[in-house]
Each structure stands twice: as C-alpha cells, then as structure tokens.
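# Chain and residue survey
Listed here are the chains, written in short residue letters.
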Amino acid sequence: KEREESNKYDMSKSFFWLGLSIAYFRQKEYEKASDAIKSAIKAAYQDISRTEVPCIMYYESVVTGNAQMKMESIKILKSRLRVKHSDNAEFGNAKLLLGKINSTDLLDAMSEYKQEPLRYKKTVSALFYIAVKCYEDGDIDGCKLHLYKAQQLYRENTAVTMMFEYYLSEMWL
C-alpha cells in the first residue's frame, strides 16, 4: 500500500501533463501528445501567466503541421493576454508567438528578472520560442542558431535545466 501511494502523480498540475505530452511527442505519438497537452490546459495549477501550456502547444502544432491545434493555442494565448498585467515579461513568449513583439523585444524583457537563475530560465525559454518562430517562418538556420544559444546557457547557469524548453531545444537540435 505504501509503494502504491508513493507512485501517485499529481495530475492537477500542468507540469505532469506537459511532461507526458513531451514524452509522447518525443515518441512521435502525436495524437496522445495532443490529448495530454489539452489536459494540461485544464489543469488547476499552472504557471502564473497560464501561458506555458499553450506556448508548448503552439510549438507542437508548428512542428507537426497541425493547423487546428495551432489555432487552439492562438485562441488560448489571446485570451491569456487579456488580463490586466499582461504587459510584464511573464507574457513575453505568448506575445512573440502572436506577433505582438519581436525577438529583440522579448530578449530585452528578460532584463526585468533581477535574480540570475530566474533570468536564465526565462531566457532559455525565450530563445526556444524565437527558434519556433524562425522555424515557422522557414528560417532553419535561425532556428538552429537560437536552439544552440539556448543550449549554451547551461554553461553559464545550470538553472536552465529546470525548464521544459531547455530539453525541447536539446531534443530538437
């Protein structure tokens, strides 16, 4: 009984569902990945801005060419940007994916994070989504460059490994 209880997962957090989606995605089981990420959107506990899940959903849709999933992620991101404090850096990746800011603006916004580990974690995420936009625009060299830059942040601060985007950039390279 103790062993069974210790193996329970907290499915109320988006972290669980995102990890599951990424695992399925890595195995090229795209339908299962899509189902998992849709469950992540409904999770009770998400990041503060509630944009992490739809941003990863956007990435998965771009790579797989799933137009319906991309439209879903855009719809969710737009709704997340309607909150009062959507002008802070926490919403930067969503704004980039929606074309409301460019990559320079996104990277400049990372300076708002004064604590070094947090700044690195957010920067690795920003570089990953810049790579996604490059890929979407057909700029494969730009995509690879930004994925490489995301990977190189590990040499400066290992806190980047706490982000899904770090591992996604590693997988994608």
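Here goes a summary of the coordinates provided. Here the structure is a predicted model, which is why all the values come from computation and not from measurement. (Residues numbered from 1 in each chain as written. Predicted model: local features only at pLDDT ≥ 70, side-chain atom pairs only at ≥ 80, totals over all residues. Heavy atoms only, no water.)

### Side note on the overall build of the protein chain
When helices and strands are tallied, the protein chain shows ten helices and zero strands. Tracing the protein chain from N to C terminus, the helices and strands come up as α-α-α-α-α-α-α-α-α-α. Compactness check: the protein chain gives a C-alpha radius of gyration of 16 Å against a globular reference of 16 Å for 173 residues, within 12% of the reference. Over its C-alpha atoms, taken along the principal directions, the protein chain stretches across nearly 50 × 35 × 35 Å. Counting only residues that meet the buried cut, the protein chain has 46% of its 173 residues in that class. (Helix = DSSP H or I, 4+ residues; strand = E, 2+ residues; numbered from the N terminus. Rg over C-alpha atoms; globule rule 2.2 N^0.38 Å. Buried < 20%, exposed > 50% of the residue type's maximum accessible area, 1.4 Å probe, protein only.)

### Points about the nonpolar core
By size, the foremost hydrophobic cluster in this structure holds 44 residues, and its most contacted members are Phe128, Tyr129, Val132 and Trp172. Ranked by size, the runner-up nonpolar core spans eight residues in total, among them Leu127, Ala150, Leu153 and Met163. (Core = buried A, V, L, I, M, F, W, Y, C linked by side-chain atoms within 4.5 Å.)

### Re unusual backbone geometry
For Lys28, which is not glycine, the phi torsion reads 65 degrees and is therefore positive. In this fold, Lys28 is placed in the loop between helix H2 (14-26) and helix H3 (30-41). Even without a glycine there, the phi angle at Arg50 is positive, about 60 degrees. Structurally, the position occupied by Arg50 is in the loop between H3 and helix H4 (52-64).

### Considerations on the packing of helix H8 (residues 116-136) against helix H9 (residues 140-152)
Their axes nearest at 7 Å, the elements H8 and H9 cross at an angle of 170 degrees. Considered as vectors, H8 and H9 are oriented roughly antiparallel to each other. Here H8 contributes Val124, Leu127, Phe128, Ile130, Ala131, Cys134 and Tyr135 to the contact with H9, which in turn contributes Ile140, Gly142, Cys143, His146, Leu147, Lys149 and Ala150. (Axes fitted to C-alpha atoms, helices over the stretch in contact; angles between N-to-C directions. Parallel < 35°, antiparallel > 145°, perpendicular 65-115°, else oblique. Contact = heavy atoms within 4.5 Å.)

### Some words on the packing of H4 against helix H10 (residues 164-172)
Closest axis-to-axis distance for the H4/H10 pair is 12 Å, and the angle between their directions is 10 degrees. Overall, the two elements H4 and H10 adopt an arrangement that is roughly parallel. Within the contact between the two elements, H4 uses Glu52, Ile56, Tyr59 and Val63 and H10 uses Phe164, Glu165, Leu168 and Trp172. Residue composition of the contact of H4 with H10, grouped by class: six nonpolar, no polar and two charged. (Nonpolar A, V, L, I, M, F, W, Y, C, P; charged D, E, K, R; others polar.)

### Details of the state of the cysteines
This model, assessed by the stated rule, comprises zero disulfides. The structure places no disulfide on Cys55, whose sulfur is separated from the nearest cysteine sulfur, that of Cys134, by 15 Å. Owing to a relative accessible area of 2%, Cys55 belongs among the buried residues under this scheme. Free cysteine Cys143: the closest other cysteine sulfur is in Cys134, separated by 6.6 Å. (Disulfide = S-S within 2.5 Å.)

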